Amino acid sequence: MDIYLWLTDFLLLNIFFMVSYFIKQQFHSWLSPGAFFSLFWYVVILFILIFARSYYISPLFICLLILYTLGFHIGTLFGLNIIKKLVLKKDLYIVRRSVFMYWAKHQIIIF
């Protein structure tokens, strides 16, 4: 493998680790989906770069992994916001359900 290609891969891998560490800092855990996904691929690619130097790793692949990791992270953020909104609207859901049940009970009595 060309030394310049190896250095490019190693530089992109360090950027990849910085992104995963940023995600870890936001969730305070390596077990969040984005951080876990990126840490797994970081270890795999680092192992390949160190122990299998003749194996070709495209820099485009590492860039795509960074984008996929950010996609996982954004998806997790959307998921958490939806959960928070559902918890806040729980009382409104109970009120709507009780009104519907009241209406349904009176409809059954009428018929």
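Description of the structure in this document. (Residues numbered from 1 in each chain as written. Predicted model: local features only at pLDDT ≥ 70, side-chain atom pairs only at ≥ 80, totals over all residues. Heavy atoms only, no water.)

Digging into the packing of aromatic side chains
This model, assessed by the stated rule, comprises 9 aromatic pairs. The interplanar angle of 10° and the centroid separation of 5.3 Å between the aromatic rings of Trp 6 and Phe 10 together place this pair among those described as stacked. Placement of both Trp 6 and Phe 10 in helix α1 (residues 3–27) is noted, with a separation of 4 residues, approximately one turn of the helix. Assessed through its relative accessible area of 29%, Phe 10 is described here as partly exposed. Ring geometry for Phe 40 and Trp 41: centres 5.6 Å apart, planes at 75°, overall edge-to-face. An aromatic cluster of three or more residues is present, and its members are Phe 17, Tyr 21, Trp 30 and Tyr 42. If you follow Arg 53 out to its NZ or CZ, it ends over the ring of Trp 6, 5.2 Å from the centre. (Phe/Tyr/Trp six-rings, centres within 6.5 Å; stacked < 30°, edge-to-face > 60°. Helix = DSSP H or I, 4+ residues; strand = E, 2+ residues; numbered from the N terminus. Buried < 20%, exposed > 50% of the residue type's maximum accessible area, 1.4 Å probe, protein only. Lys NZ or Arg CZ within 6 Å of the ring centre and 35° of its normal.)

Thoughts on the side chain of Ser 38
On the secondary structure map, Ser 38 appears in helix α2 (residues 33–51). By relative accessible area, which is 0% here, Ser 38 ends up buried. Sequence-distant contacts of Ser 38, defined by excluding residues within four places in its chain, comprise Phe 16, Ser 20 and Thr 69. (Contact = heavy atoms within 4.5 Å.)

Observations concerning a nonpolar patch on the surface
On the surface, Leu 60, Leu 64, Leu 67, Tyr 68, Leu 70, Phe 72, Ile 74 and Phe 78 cluster together into a nonpolar patch covering about 800 Å² of accessible area. Mapped onto the elements, Phe 78 comes out in helix α3 (residues 59–88). (Patch = residues over 30% accessible without salt bridge, like charges linked within 9 Å, V, L, I, M, F, W, Y side chains within 5 Å. Areas by Shrake-Rupley, 256 points an atom, 1.4 Å probe, with all protein chains shown as cover. Salt bridge = Lys/Arg side-chain N within 4 Å of Asp/Glu carboxyl O.)

Considerations on the environment of Trp 41
On the secondary structure map, Trp 41 appears in helix α2. Note: C-alpha distance between Trp 41 and Ile 62 (21 residues apart in sequence) is 9.2 Å. Setting aside anything within four residues of it in sequence, one finds Trp 41 in contact with Phe 16, Phe 61 and Leu 65.

Overview of α2
Over its 19 residues, α2 extends 27 Å from the first C-alpha to the last, a length consistent with the 27 Å expected when each residue adds 1.5 Å. Along α2, the residues classified as buried are Gly 34, Ala 35, Phe 37, Ser 38, Tyr 42, Ile 45 and Leu 49. In a view along the axis of α2, the buried residues occupy a sector of 155°, so they form one face of it. Every exposed residue of α2 that faces more than 90 degrees away from the buried side is listed here: Phe 47 and Phe 51. (Expected span 1.5 Å × (residues − 1). Arc of directions from axis to C-beta.)

Notes on α1
For α1, with 25 residues, the first-to-last C-alpha span of 36 Å sits near the 36 Å given by 1.5 Å per residue. What α1 keeps buried is the set Trp 6, Asp 9, Leu 12, Leu 13, Phe 16, Val 19, Ser 20 and Ile 23. One or two positions beyond α1, positive phi appears at His 28, with a value near 60°.

Notes on unusual backbone geometry
Of note, the phi angle at His 28 is positive, near 60°, even though the residue is not glycine. Inspection of the secondary structure assignment puts His 28 in the loop between α1 and α2. Relative accessible area serves as the criterion here: at 67%, His 28 is assigned to the exposed category.

As far as function goes, none of this settles anything; it's purely spatial.
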